[in-house]
Amino acid sequence: MAQEFTFTVNGVEHTTTENKPLLRYLRDDLHIHSAKDGCSEGACGTCTIHVDGAAVKACVLTTALASGRNIVTVEGLPEDVREAFVYAFGAVGAVQCGFCIPGMVMA
Ligand code: FES
C-alpha cells in the first residue's frame, strides 16, 4: 500500500500518495497558481507560501514533508488582508509584471 501524505491547503484537507515538490503539487494538481516557479531551487522566493504560519519556499518542500501541516497561499488569505496588499502595492506603484508579487506578499 502506498504511503499517503495529508495536509491542509487554504482550509481544505488534501491527500496524495505522490512525493514531489509541494510547488508542483499546488500548481499541477490543485491548480493554485499564485505560487510561481521562478527557479525551482529555493533561490528567488516567487513560490513563497505559509506553512504553519511561517514563510516557506514551496519548491524546496515536498508533499511528504508537508504532511500534517497547515498550508496557506495568497488565495487563502482573508479578503481584507489581500485588499490591504493591493492598496499598498498600488499606492507606491509597486506593480511590476505581477509574477513575483504573491511571493512578496507571503514573505
Ligand atoms: S521557485 Fe525560486 S525559491 Fe522557489
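Residues numbered from 1 in each chain as written. Predicted model: local features only at pLDDT ≥ 70, side-chain atom pairs only at ≥ 80, totals over all residues. Heavy atoms only, no water.

1. Some details on the overall build of the chain
When helices and strands are tallied, the chain shows three helices and five strands. When the helices and strands of the chain are read in sequence order from the N terminus, they spell out β-β-α-β-β-β-α-α. On C-alpha atoms alone, the chain measures out to a radius of gyration of 14 Å, which is about the 13 Å that the 2.2 N^0.38 rule sets for 107 residues. Taking the principal axes of the C-alpha coordinates as reference, the chain spans close to 55 × 30 × 20 Å. Across the 107 residues that make up the chain, the buried fraction comes to 36%. Counted over contacts in the chain with a minimum sequence separation of 6, partners at least 24 positions apart contribute 47%. About 5900 Å² of surface is accessible on the chain, with carbon and sulfur atoms providing 55% of the total. Separation of charge centres in the chain, based on 7 positive and 12 negative side chains, amounts to 5 Å. (Helix = DSSP H or I, 4+ residues; strand = E, 2+ residues; numbered from the N terminus. Rg over C-alpha atoms; globule rule 2.2 N^0.38 Å. Buried < 20%, exposed > 50% of the residue type's maximum accessible area, 1.4 Å probe, protein only. Contact = heavy atoms within 4.5 Å. Areas by Shrake-Rupley, 256 points an atom, 1.4 Å probe, with all protein chains shown as cover. Lys, Arg positive; Asp, Glu negative; His and termini not counted. Charge placed at Lys NZ, Arg CZ, Asp CG, Glu CD.)

2. Some points on the sheet that holds strand β4 (residues 54–57)
Across the sheet, five strands lie side by side as β2-β1-β5-β3-β4; this open sheet has mixed pairing. On the outer flanks of this sheet lie β2 (12–16) and β4, each paired with one strand and no other. Along the sheet, successive strands turn relative to each other by an average axial angle of 40°, direction set aside. Relative to β4, strand β3 (residues 48–51) is paired through four bridges, and the arrangement is antiparallel. Opposite I49, over in β4, you have V56 as the bridge partner. (Pairing = 2+ DSSP bridges. Axes fitted to C-alpha atoms, helices over the stretch in contact; angles between N-to-C directions.)

3. A closer look at unusual backbone geometry
In the Ramachandran plot, N10 falls in the positive-phi region, its phi being about 50° despite a non-glycine side chain. Within the secondary structure layout, N10 lies in the loop between β1 (5–9) and β2. At D52, a position not held by glycine, the phi torsion is positive, near 50°. Mapped onto the fold, D52 is located in the loop between β3 and β4.

4. Observations concerning the side chain of T16
Within the secondary structure, T16 is located in strand β2. Among the polar contacts listed, one links the side chain of T16 to the backbone nitrogen of E18, at a separation of 3.0 Å. Once residues within four sequence positions are removed from consideration, T16 is found in contact with Q3, E4, F5, F7, Y25 and T63. (Polar contact = N/O pair within 3.5 Å; in protein donor to acceptor, adjacent residues only side chain to side chain.)

5. What to know about the pattern of salt bridges
What the rule picks out here adds up to six salt bridges. E18 is the partner of K20 in a salt bridge, and the nearest nitrogen-oxygen pair spans 3.6 Å. A salt bridge links R69 to D52, with the shortest nitrogen-to-oxygen separation between them at 2.7 Å. Highlighted residues: R69 in the loop between β4 and β5 (70–72) and D52 in the loop between β3 and β4, separated in sequence by 17 residues. (Salt bridge = Lys/Arg side-chain N within 4 Å of Asp/Glu carboxyl O.)

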